[in-house]
Amino acid sequence: MIKDIGLETVGRWTAAAVILGGLAAQPAMAQERKSYPAPEGHPLTEIISGYEFRNAETQALQDDDFENPAFLWVDQGEELWSKAEGTAGKACADCHGEASESMKTVGARYPVWEPKTEKPINVELRINQCRTERMGAEAWKYESSQMVGMTAFVKTQSRGEPVNVDFSEGDMEAWKEKGKEIYYTPYGQLDLACSNCHEDHYGEYVRSDFLSQGQTNGFPTYRLKWQGMGTLHRRFSGCMKNIRAEPYKRGSDEFLALEVYLAYRGVGLPVESPALRN
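In this text, all values refer to a predicted model and were calculated from it rather than measured experimentally.

Undergrad: Any chance you could explain the side chain of Q215 here in plain terms?
TA: In this fold, Q215 is placed in the loop between strand 6 (209-210) and strand 7 (221-223). Among the polar contacts listed, one links the side chain of Q215 to the backbone oxygen of R265, at a separation of 3.4 Å. Among the polar contacts listed, one links the side chain of Q215 to the backbone nitrogen of G266, at a separation of 3.5 Å. Setting aside anything within four residues of it in sequence, one finds Q215 in contact with I47, I48, S49, L262, R265, G266 and L269.

Undergrad: Looking at this structure, I do not really get helix 12 (residues 232-242). What am I missing?
TA: Owing to its 3.6 residues per turn, the α-helix aligns residues three or four sequence positions apart on the same side. Looking at helix 12, one finds that the buried residues are L232, H233, F236, S237 and M240. For helix 12, the arc enclosing every buried residue in end-on projection is 145°, short of the 170-degree limit, so these residues lie on one face. For helix 12, the elements touching its buried residues are strand 8 (228-230) and helix 13 (253-265). Just beyond helix 12, the residue with positive phi is R244, at close to 60°.

Undergrad: I'm lost on helix 13 in this one. Help?
TA: Taking 1.5 Å of rise per residue, the 13 residues of helix 13 would be expected to cover 18 Å, and the 18 Å separating its terminal C-alpha atoms lies within 8% of that figure. Across the 13 residues of helix 13, 11 count as buried, placing the element largely inside the fold. What helix 13 keeps buried is the set F255, L256, A257, L258, E259, V260, Y261, L262, A263, Y264 and R265. Contact partners of the buried residues in helix 13: strand 2 (46-47), strand 4 (119-121), helix 8 (123-135), helix 10 (172-184) and helix 12.

Undergrad: How do you make sense of the environment of E32 when you look at a structure like this?
TA: In this fold, E32 is placed in the loop between helix 2 (12-20) and strand 1 (36-37). On the basis of relative accessibility, which here comes to 78%, the residue E32 falls in the exposed class.

Undergrad: What exactly am I supposed to notice about the environment of A263 here?
TA: Position of A263 relative to the elements: it lies in helix 13. Given a relative accessible area of 4%, A263 falls into the buried group. Between the C-alpha atom of A263 and that of N164, which follows or precedes it by 99 residues, the distance is 8.2 Å. When residues no more than four places from it in sequence are discounted, the contact partners of A263 are P111, V163, V165, F167 and T216.

Undergrad: Can you walk me through the packing of helix 8 against helix 9 (residues 145-156) in this structure?
TA: Packed helix pairs are characterised by how far apart their axes lie and by the angle those axes make with each other. Two elements in contact, helix 8 and helix 9, have axes whose closest approach is 10 Å; the angle formed by their N-to-C orientations is 110°. Here helix 8 is positioned roughly perpendicular relative to helix 9, judged by the angle of their axes. Classified by chirality, the crossing of helix 9 by helix 8 is right-handed. Contact residues: helix 8 offers V123, E124, I127 and N128, while helix 9 offers M147, M150, T151, V154 and K155.

Undergrad: Even after reading the chapter, I still don't get the side chain of H233, so can you show me in this structure?
TA: Mapped onto the elements of the fold, H233 is located in helix 12. The class of H233 is buried, set by a relative accessible area of 0%. A polar atom in the side chain of H233 sits 3.3 Å from the side chain of Y142. In contact with H233, other than residues within four places in its own chain, are N122, Y142, R250, G251, F255, L256 and E259.

Definitions and limits used
Residues numbered from 1 in each chain as written. Predicted model: local features only at pLDDT ≥ 70, side-chain atom pairs only at ≥ 80, totals over all residues. Heavy atoms only, no water. Helix = DSSP H or I, 4+ residues; strand = E, 2+ residues; numbered from the N terminus. Polar contact = N/O pair within 3.5 Å; in protein donor to acceptor, adjacent residues only side chain to side chain. Contact = heavy atoms within 4.5 Å. Buried < 20%, exposed > 50% of the residue type's maximum accessible area, 1.4 Å probe, protein only. Arc of directions from axis to C-beta. Expected span 1.5 Å × (residues − 1). Axes fitted to C-alpha atoms, helices over the stretch in contact; angles between N-to-C directions. Parallel < 35°, antiparallel > 145°, perpendicular 65-115°, else oblique. Left-handed = near helix turned anticlockwise from the far one by under 90°.

Laid out in structure tokens, this is it:
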């Protein structure tokens, strides 16, 4: 198929649009979207949550805590919060108390610098660090229902808090630059970078859906396509598969660096987890 449409001459984005099912040649129908000022040095002048690119029905479902299916995972996380496990016989609550207080800013300020490993750590990796080092319990698989549920429960405590990652800690700035390089590097048979969709063409249609800015303030997220909840790294993996690239492993340094960079691109956006997306 690539040979038939002349990839060498029509350009990588045009070819990719044909393969992916068609990208709108012009911006989609204009509509008012709530935006926030972009942080200093940002390539865009305004930042917009993925929520603003969803239809009214999906937005209403996200906004209703009783109807939002993501709360099945949040409820699971809440149960696990008070469940003692491991050789230490401890639960998260034994150290952290009421999650509504101790976890209030966690979803907004992670990833953070971890001096012990000399690299950033996100919420998922921190959960497993606590389990193995403090509880004497087995680590959860990155995409297990327990991990997604606990991550969703923790981040839900930060709903409404502005994303505020500290890039002055350790080598966070260097990791941000590493993530930036990944963001702008073309990958896969379609030779596309994250920026080609989420910076160059956000607000346009692809496969009958809007492209967003690819912000991360709603993760973990319930996707209607998945009919379930998934981590940010699951979404990274799916994007790489869409462009016919071999994904990095979830929890890998590459995806962690990309997460750090995307946190910078969303500084100031309110945490929405558990969000709904298409």
